Amino acid sequence: MLVLYETPAGYALFKCDENKLQDVDDIADIFADADKASKTMKLKAFSKFEDTSEAMVAATAMLESSLSKPLKKFLKKNVVDKDIKDTLAVYETGLGKAIKTALDIPCVYNDKILEIMRGVRGNLETLLGGTTDADLKVMQLGLAHSLGRHKLKFSPDKVDTMVVQAIGLLDELDKELNTYAMRVREWYGWHYPEMGKIVTDNVQYAKCVKLMGMRTNCVKCDFGSILDEETEQELKEAVQISMGTEISDDDISNIKSLSDQVIALSEYRVQLYEYLQNRMRAIAPNLTTMVGELVGARLISHAGSLMNLAKHPASTIQILGAEKALFRALKSKHDTPKYGLIYHASLIGQAAPKHKGKISRVLAAKCALSIRVDALTQGDVPMVGMEHRIAVENRLRQLEGGTAVALSGTAKAGKTAKKYEGAGAKSGTEKGSSGYSAGADETSSKKKKKKKAEESDDESEEEEEKPKKKEKKEKKDKKRKAESSDEEEEEEEKP
């Protein structure tokens, strides 16, 4: 009987004496001793893997119970071509069926084979020969790492940790750059205060300070590479009437050093932003198309990873970043926020204030679909982001135009039935020739009954009104009597 065994180093084919391995207990006793195992199992052939990638492909194929090309070539060379009719012991029934179908080699798999495989694994160093236990451990570790990455679908291009770190650094750079630029403006503003209103850009301001130094050098300096002609002319005219104080050369050197920091940080920020754009295009192209690089990177950073973000529903993505406002609203029983980080997307910025909530909900739903495509697609990622963006833009156009949207494929989109009006109503007359009149349908007995009922109702109403009138008259009479008695008393009191 032949035994096929896969090692981290390659495929091994052993020849064993089947008579000695009749019982499971006998197999355990034989493999307990290395000498007995080497006498029972003889290495017939060995095919070494060229590198770790080949070993990973072979291990994956055997896990999936499929016959790989290297294994097929190995068995054909050592079994089929040599016309060996022995049965082949394999560790999995699916692999045995694949070998039987492709090469017509009889395969066997049972409890006894499992014990043999366990024994071979325990005495692999002795049975192979020429390999040490340390070498086998290194091979096993390398193959385990490669196979683990393959199982987890790990790709260096899909590492979202780089995006999380880059967007965090970019936000910190913006804060530091703004602080340094304001410090340069305040510091140099004591010497040349008019320059702050003329040069509004922070980087241009720092470059001008570095180039000019003292304000007295402004007329001699050429700012053509930094400013346009109009701004340059205005800057040179303002220096002649400047109200700034005089400063020393030591002060200027320190201000220039700070300006160098501002310029260097701004250049590094541009470089970092380009890096972030490239990483976002590689990791989440559809999300980038929907909301842009910065908003997409902040969403990934807030969720922790792209996979975590893909697990969130659209409602969570919509308010991601507004957790404090959400829980404060829930606690105080007020309206919950309509958007979080997604508010900074360009599509929501285009919407009118009254439509921002609706557009944020639509955009979050489409973003959830795009994120799942980016995170879960293997290989080439289908570009569905543009299609989703067009759908959101159409919805925005519909809201701004005030057009009603028909729900296709449902009864809600159908026309409502109108009330039938007779021909007389259409022509404007009271009774049409073909119009329906409810009064014309009544019989004479019905009409008489109807009149009697109306008369009885009128009589009952009159009877109810009579006692009410009597009560009013009595009240009026009492008032008159009281007034007359009061007047008589007053006359009697007079002398």
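Everything here concerns the structure above.
For clarity, every value in this text was computed on a predicted model and none was experimentally measured. Throughout this document, residue positions are counted from 1 along each chain, in the order its sequence is written. Residue-level local features of this predicted model are given only where pLDDT is at least 70; pairs of side-chain atoms are given and counted only at 80 or more, and the full residue set underlies all totals for whole chains, interfaces and linings. Water and hydrogen atoms were dropped before computing side-chain values, which therefore reflect all heavy atoms in the structure.

A. Expanded view of the sheet that holds strand β2 (residues 10-16). A pair of strands is considered paired only if DSSP assigns at least 2 bridges between the two. The helix and strand labels rest on DSSP assignments: H or I over at least four residues marks a helix, E over at least two residues marks a strand, and numbering proceeds from the N terminus. With mixed pairing, five strands are arranged side by side in an open sheet as β3-β2-β1-β4-β5. A single partner strand is all that each edge strand has here, and the edge strands are β3 (41-48) and β5 (107-108). Contacts from helix α4 (residues 69-80) reach β1 (2-6), β2, β3 and β4 (88-89) within the one sheet, and its direction differs from that of β2 by about 30 degrees. A contact between two residues is defined here by any heavy atoms of the two lying within 4.5 Å. Geometry is summarised by axes, namely lines fitted to C-alpha atoms with helices restricted to the contacting stretch, and by angles between N-to-C directions that run from 0 to 180 degrees.

B. Inspection of helix α5 (residues 93-103) at higher detail. Here's how the labels work: a residue is buried when its accessible area is under 20% of the maximum for its type, exposed when over 50%, partly exposed in between, all with a 1.4 Å probe on protein chains only. Turning to α5, its buried residues are L95, G96, A98, I99 and L103. Seen along its axis, α5 keeps its buried residues to an arc of 160 degrees; they face one direction. Exposed and facing more than 90 degrees away from the buried side of α5 are K97 and T101. Looking one or two residues beyond α5, the residue adopting positive phi is D104, at roughly 60 degrees. The arc in question is the one spanned by the directions pointing from the helix axis to the C-beta atoms.

C. Geometry of the pattern of salt bridges. Any Lys or Arg side-chain nitrogen located within 4 Å of an Asp or Glu carboxyl oxygen qualifies as a salt bridge. Scanning the entire structure with this criterion turns up ten salt bridges. Notably, a salt bridge pairs K15 with D86, separated by 2.1 Å at the nearest N-O pair. Separated by 71 residues along the polypeptide, K15 in strand β2 and D86 in the loop between α4 and β4 bring together distant segments of the chain. Look at K15 and you get partly exposed, because its relative accessible area is 34%. On the basis of relative accessible area, D86 is assigned to the partly exposed category, the value being 25%.

D. Region of interest: the pairing of β2. Of all the seven residues making up β2, six are buried; the element is thus mostly covered by neighbouring parts of the structure. Bridge analysis of β1 against β2 gives five bridges, and the strand direction is antiparallel. Paired with L2 across the two strands is K15, which belongs to β2. Linking β1 back to β2 in an antiparallel pair, the connection comprises three residues. Strand direction decides the pairing type here: β2 and β3, joined by seven bridges, are antiparallel.

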